[in-house]
Amino acid sequence: VATLPMHLHMKLEDDVRQLDTIVGACERIFSSPVPPTMARHIVRCLQLWLIGFPFVLAGTMAPVTIAGWVFVTSYIFVGIDEVGVQVEQPFDIVPMSRICTIIMLNLEETFVRLPPGVDATTGSAH
């Protein structure tokens, strides 16, 4: 079997160590739950604010204008809350299985392919 030059072997080992560190950090992020009380508190505060908003605007503008501003503001704030929920669980959004499969196939292709001139059965050069 053909051997890698020492500098390439050391570089590959360093890259594998860095990949292991990154995977460990991702696993810690994935396993860190967001406290449910925090998520519920945010939703309740948002609901109270959006329910009270039309009453604060009452008498300052026409009812149709108030309804429009409440709708736009609700859309924006509920959207921000939804983005926050998705950021809390990034692995539900990112296609990690597909990315991992592609990486695995690339690694297999790299390490299984023998250099030109090496016999697959004996591992010796012709």
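This write-up is about the structure you can find in this document. Nothing here was measured: the structure is a model prediction, and the numbers come from that model.

Comments concerning the overall build of the protein chain
Part 1: Along the backbone of the protein chain there are four helices and zero strands.
Part 2: Secondary structure elements of the protein chain occur, N-terminal to C-terminal, as α-α-α-α.
Part 3: Within the protein chain, buried positions represent 9% of all 126 residues.
Part 4: Sequence separation of at least 24 residues holds for 48% of the intrachain contacts in the protein chain that already meet a minimum separation of 6.
Part 5: Just so you have it, the protein chain exposes about 10400 Å², and 71% of that area is on carbon and sulfur atoms.

Overview of the packing of aromatic side chains
How two aromatic rings sit relative to each other is given by the distance of their centres and the angle of their planes.
Part 1: All told, the structure shown has two aromatic pairs when counted by the stated rule.
Part 2: With centroids separated by 4.8 Å and ring planes inclined at 15 degrees, the aromatic side chains of Trp 49 and Phe 53 adopt a geometry described as stacked. Remark: Phe 53 and Trp 49 occur in helix H2 (residues 36-57); sequence separation between them is four residues, near one turn of the helix.
Part 3: Assessed through its relative accessible area of 40%, Trp 49 is described here as partly exposed.
Part 4: Given a relative accessible area of 15%, Phe 53 falls into the buried group.
Part 5: Feature note: the residues Trp 49, Phe 53 and Phe 77 constitute an aromatic cluster, connected by ring pairs.

The rules behind each value
- Residues numbered from 1 in each chain as written.
- Predicted model: local features only at pLDDT ≥ 70, side-chain atom pairs only at ≥ 80, totals over all residues.
- Heavy atoms only, no water.
- Helix = DSSP H or I, 4+ residues; strand = E, 2+ residues; numbered from the N terminus.
- Buried < 20%, exposed > 50% of the residue type's maximum accessible area, 1.4 Å probe, protein only.
- Contact = heavy atoms within 4.5 Å.
- Areas by Shrake-Rupley, 256 points an atom, 1.4 Å probe, with all protein chains shown as cover.
- Phe/Tyr/Trp six-rings, centres within 6.5 Å; stacked < 30°, edge-to-face > 60°.

Read these as spatial facts, not as claims about activity.
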